[in-house]
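Report on the structure
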Amino acid sequence: MLDVEVIETSSLGDRSYLAHDDEVAVVVDPQRDIDRVLALAGRLDVRIAWVLETHVHNDYVSGGLQLARLTGARYGIAADDEVPFDRVPLHEGDVLNVSERMHIRPVATPGHTFHHLSYILDGPGGPEGVFTGGSLLLGTTGRTDLLGQDHAHDLARQQRSSVHRLAQLLPDGAQVWPTHGFGSFCSATQASGDASTIGRERQINPALTLAETEFVEQTLAGLDDYPAYYAHMGVRNTAGPEPIDLTPVATADPVELLRRVDAGEWVVDLRSRKAFVRSHLAGTVSLGLDGPMVTWLGWLIDWGAPITLLGDTPDQVAQAQRELVRIGIDRPAAAATGDPAQWAGDHAERLAALATASFGDLAAALAHRGPDGLPAPAVVLDVRLPHEWRESHVRDAVHIPLPELPQRLGDLPAGPVWVHCGSGYRAAAAASLLARAGRTAVLIDDAFGHAETAGVPMAA
C-alpha cells in the first residue's frame, strides 16, 4: 500500500495531497503556502518527484509552480490549459511512472472546468484511489458555473459523464480524494462526510444515482453565489503565481490606525466576535480568525484595497497573512497587536461596544415586550445567502446577503437594525459595517435554528 497524506486548508474548504512510497512523492493541488508541503516531505524523508494540478483553480492561488521549481519536481497540468511557463502537458492515456511501486494515470474529467484531469493512483496491487479535484466530490460534484453561466448546463452534463467514467474505471474499494467539498464554494452542494470510496459514491452521489436530465436540473438549481475574488484566481494561476512573502508587515501606531479608519479603509479586527462586541476601535470590521475570515474579506473588499489587520498577538496577524496570500492578497498595508485601548492611544473616545441579543430577545422585541436596554428594531436584517433565505427566514425581514451590504446600506430603512445570519459570524461583520456607517446595530449572536422555537414569526 502507498501512503496518502492530507494537507487540510479548512478556511477555504480545500485539501491538498502528498502520496508517497516511503522514498518518492507526488503532490496534488498544493496551496500557495508551500512551506507546509516542504515540512511534511521533510518529516517523511521523501523526495517530491511530481507536482500535479487537477485544474486551473478558481478559489485559491496555487503553489504548484513554485513547489516544482524549488524541489526540481516535474510539474504536470492538462495539455489543453495554455500557460506561459514550463510544465509537462498531460493527456488521458499517459502513465507517470513515479517509482517502481507508484504510478499515476491522468483521466480527462471535464465538468468543473473544460480541461479538468483526475489522477488514478496505482500501487503494487493495482488502483488504490483517485485524486478527483473538483470532479467527483464526497456525495456531490464540483460546481459547473465558474467559467460562465453560458457553459454551466453543458459542463453539468460533462460532469456527470466524467463521474461515470471514474466509476467504470475503478473498483468499489478505491479511495476518493477530492480537492474541494469541505466547505469550499467550488462544491455544487454541501459535501457529505470526511472520506469516501467509489463504492460509497455509487450509492449516494447524485451524479451516479440520477438520470442525466434530473442531475443537470438539480445541479443548476442548487448553485448559489460564489465569492467575488474567484474572478482573480484563474487569471493568476494561468499567468504563473509568484513566490509569497510572509514576513511581518509594518506596524501601525494609533495615529496611523485612526487615519486609516477615518479614510474609510478596511481595518479588520481578527479577534473573536465576543471580544469585539465588548470593545473595539470604532470604524473597524469584525472578521475573526475563528471563522472563514479570508472568504468573507476577499468577497467584501474592492480588489486591491489596502487592508490593515488588528490582532491579539503577532501570531494571529501572521495567520491572517497566510490566509490572505492563499487568495492573492499578498501584503497587508499595516498591522497592530494588543487590545483596543492600545489601538486608540490617547483617543479613548474612539472605543466602542456593540449591543447583542438572542432570538428570544428578538421575539420579545417584535412582540413589544422589551428587552430592556436594547433599542426596538426598526428592521430585521438577514445577511445569509439566497439559498438559506429561501429555505426559511424571519417574517418581514429584509434580506441583503453580506457581500452586497457595503453597496446597499442605503436600502435599509432608518432606525435600529437587528442583524442575524446562521450562527452570528457574518452578522458580526454586518453589524460592524452598519456601525461604521453610523447606523445603530444590534447583533443577534445566536444560531438561526433557535429562531422558531424562541417564538420569532417565520416565513418560507
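First, a word on what this report is: a plain description of the structure on this page.

Reading the values: rules and limits
- Residues numbered from 1 in each chain as written.
- Predicted model: local features only at pLDDT ≥ 70, side-chain atom pairs only at ≥ 80, totals over all residues.
- Heavy atoms only, no water.
- Helix = DSSP H or I, 4+ residues; strand = E, 2+ residues; numbered from the N terminus.
- Buried < 20%, exposed > 50% of the residue type's maximum accessible area, 1.4 Å probe, protein only.
- Polar contact = N/O pair within 3.5 Å; in protein donor to acceptor, adjacent residues only side chain to side chain.
- 1 Å grid on protein atoms, 1.4 Å probe; cavity = no way out; pocket = protein on both sides within 12 Å on 5 of 7 lines; lining within 4 Å.
- Points joined across faces, edges and corners; volume = space filled by probe spheres on them.
- Nonpolar A, V, L, I, M, F, W, Y, C, P; charged D, E, K, R; others polar.
- Phe/Tyr/Trp six-rings, centres within 6.5 Å; stacked < 30°, edge-to-face > 60°.
- Lys NZ or Arg CZ within 6 Å of the ring centre and 35° of its normal.
- Axes fitted to C-alpha atoms, helices over the stretch in contact; angles between N-to-C directions.
- Parallel < 35°, antiparallel > 145°, perpendicular 65-115°, else oblique.
- Left-handed = near helix turned anticlockwise from the far one by under 90°.
- Contact = heavy atoms within 4.5 Å.
- Pairing = 2+ DSSP bridges.
- Right-handed = clockwise from strand over helix to strand, strands pointing away.

To continue, consider the side chain of Asp-269. Its place among the elements puts Asp-269 in strand β13 (residues 266-269). Its relative accessible area of 0% is what places Asp-269 among the buried residues. Within polar-contact distance, the side chain of Asp-269 engages the side chain of Arg-271 at 2.8 Å.

In this structure the tally under the stated criterion is one cavity of 30 Å³ or more. Computed from the structure, the largest cavity encloses a volume of approximately 110 Å³. Lining the largest cavity are 13 residues; nearest its centre among them are Glu-53, His-55, Val-56, Tyr-75 and Asn-237. Only β5 (74-78) and α7 (230-239) provide two or more residues apiece to the lining of the largest cavity. Tallied by class, residues from the lining of the largest cavity come to six nonpolar, five polar and two charged.

What follows deals with the packing of aromatic side chains. In the structure shown here, the tally under the stated rule is nine aromatic pairs. The structure contains a cluster of three or more aromatic residues connected by ring pairs, namely Tyr-17, Phe-131 and Trp-177. The aromatic ring of Phe-448 is capped on one face by Arg-384, whose charged end is 3.9 Å from the ring centroid.

A few words on the packing of helix α3 (residues 149-169) against helix α6 (residues 212-222). The N-to-C vectors of α3 and α6 enclose an angle of 125°; their axes lie 9 Å apart at closest approach. Here α6 runs oblique to α3, going by the angle between their axes. Both α3 and α6 take part in a crossing whose hand is right-handed. Note on element contacts: α6 touches α3 through Glu-212, Phe-215, Val-216 and Leu-220, opposite Ala-152, His-153, Ala-156, Arg-157 and Arg-160. Class assignment of the residues belonging to the contact of α3 with α6 gives a composition of five nonpolar, one polar and three charged.

This next bit is on unusual backbone geometry. Even without glycine at this site, Asp-22 takes up a positive phi of about 80°. Looking at where Asp-22 falls in the secondary structure, it is placed in the loop between β2 (14-20) and β3 (24-28). Located in the positive-phi region is Asp-29, a residue other than glycine, with phi close to 55°. In this structure, Asp-29 sits in the loop between β3 and α1 (35-44).

Attention shifts here to the sheet that holds strand β23 (residues 417-420). One open sheet holds the five strands; their spatial order is β19-β24-β23-β20-β22, and the pairing between them is parallel. Taken across any chain shown, the strands that pair with only one partner, and hence form the sheet edges, are β19 (355-357) and β22 (398-399). Strands in contact with helix α13 (residues 359-366) are β19, β20 (379-382), β23 and β24 (441-444); relative to β23, the strand with the most contacts, it is inclined by about 145°.

Another aspect to go through is the pairing of strand β4 (residues 47-52). Burial of β4 is extensive: five of the six residues sit out of reach of the surface. With five bridges connecting them, β3 and β4 associate as parallel partners. If you follow Val-28 over to β4, its bridge partner there is Leu-52. Crossover handedness for the path β3 to α1 to β4: right-handed.

Okay, the side chain of Asp-445 next. The residue Asp-445 is located in the loop between β24 and β25 (458-459) in this model. For Asp-445, a relative accessible area of 18% puts it in the buried group. Side chain to side chain, Asp-445 and Arg-273 meet in a polar contact 2.8 Å long.

Okay, the sheet that holds strand β6 (residues 88-90) next. Here six strands make up an open sheet; going across it, the order is β1-β2-β3-β4-β5-β6 and the pairing mixed. Either end of the sheet is taken by a strand with one partner, and the two such strands are β1 (3-9) and β6. Between one strand axis and the next, the sheet turns by 25° as a mean value, whatever way the strands run. For β1 and β2, the ladder comprises seven bridges, and the chain directions are antiparallel. Bridge assignment links Val-6 to a residue of β2, and that residue is Tyr-17. In the packing of α1 onto the sheet, contacts are made with β1, β2, β3 and β4, and the angle to β1 comes to roughly 150°.

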